[in-house]
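# Fold and geometry: a report
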Amino acid sequence: MKNIVLIGMPGSGKSTLGVLLAKSLGYSFTDTDLIISRIAEKPLQRILDEDGLDVFLKYEERVGARLVCDDTVVATGGSMVLSEAAMKNLKSNGTVVYINVPLNEIKRRVTDIKTRGIAFRKHETLDDVYRERTPLYEKYADITVDFVCGKIEDAVNAVIERLKDNL
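Residues numbered from 1 in each chain as written. Predicted model: local features only at pLDDT ≥ 70, side-chain atom pairs only at ≥ 80, totals over all residues. Heavy atoms only, no water.

## Some points on the nonpolar core
Across soluble globular proteins, nonpolar side chains have a tendency to be buried as a group. Filter applied, for reference: Residues grouped as a nonpolar core are buried Ala, Val, Leu, Ile, Met, Phe, Trp, Tyr and Cys residues, joined through side-chain atoms within 4.5 Å. The rule is simple: take the accessible area with a 1.4 Å probe, protein chains only, and divide by the maximum for that residue type; under 20% is buried, over 50% is exposed, in between is partly exposed. Residues are treated as being in contact if the distance between any of their heavy atoms lies within 4.5 Å.
Counting residues in hydrophobic clusters, the biggest one holds 53 residues, and the most contacted among them are Ile7, Leu21 and Val97. Not counting the four nearest positions on each side in its chain, Leu21 is found in contact with Ile4, Leu6, Val73, Val156, Val159 and Ile160.

## Observations regarding the pattern of salt bridges
The condition that has to hold: Any Lys or Arg side-chain nitrogen found within 4 Å of a carboxyl oxygen on Asp or Glu counts as a salt bridge. We count a stretch as a helix when DSSP gives it H or I for four or more residues in a row; a strand needs E for two or more, and each element gets its number in order from the N terminus.
Evaluation of the coordinates by the stated rule reveals 9 salt bridges. The residue Lys107 makes a salt bridge to Asp127 at a minimum N-O spacing of 2.9 Å. Note that Lys107 is positioned in helix α6 (residues 103–109) and Asp127 in helix α7 (residues 126–140), a separation of 20 residues in sequence. Since its relative accessible area comes to 38%, Lys107 is described here as partly exposed. A residue is classified by how much of its surface remains accessible, and Asp127, at 23% relative accessible area, is partly exposed.

## Focus: helix α5 (residues 84–92)
We apply this condition: Within this analysis, the arc is defined by the directions that extend from the helix axis to the C-beta atoms.
Regarding α5, the residues found buried are Ala86, Met87 and Leu90. Viewed end-on, α5 has its buried residues packed into an arc of 95 degrees, placing them on one side of the element. Seen from the buried face of α5, the exposed residues on the opposite side, beyond 90 degrees, are Glu84, Lys88 and Ser92. Of the surrounding secondary structure, the elements contacted by the buried residues of α5 are β1 (3–7), α4 (53–66), β4 (94–100) and α7.

As structure tokens, this is what we get:
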């Protein structure tokens with residue numbers, strides 16, 4: 001079986017949804033942000049603060065471009081789509097699912113952009129990040145699932161239904 005690769009904005013629920021989706025399907029689960037933290041031996045925000053955005057994006061690209069797994073739900077960092085090499089690898093053995101959450105809901109969920117480990121330039125806002133990345137999420141997605149609010153289980157079921165439709 002292929003992997004299921006979750007992409008979307010920070011705060012879209014990729015990690016939470018990913019764990020529940022993996023349990024529902026009997027898949028393994030991995031979160032690329034956790035792999036990056038382990039490799040760098042520090043939390044994402046410290047990588048950004050101490051090493052800078054470019055170093056963080058290199059870590060992310062390396063993880064995404066080299067990740068090898070099967071029957072796994074992969075929750076990616078929100079900026080993974082900035083790396084063509086990473087997305088090429090992830091798509092090669094996976095179905096990419098874009099968890100589409102409107103900007104106003106992302107803003108409600110992400111209350112402190114400066115401490116959450118979100119990859120963005122110093123002058124950028126969440127609006128800027130959303131505008132830059134949305135076309136990339138759409139480009140790489142095999143499936144798009146719109147999720148605004150409600151039970152996370154409903155989003156899991158929606159992803160499963162869309163995956164069945166995509167087979």
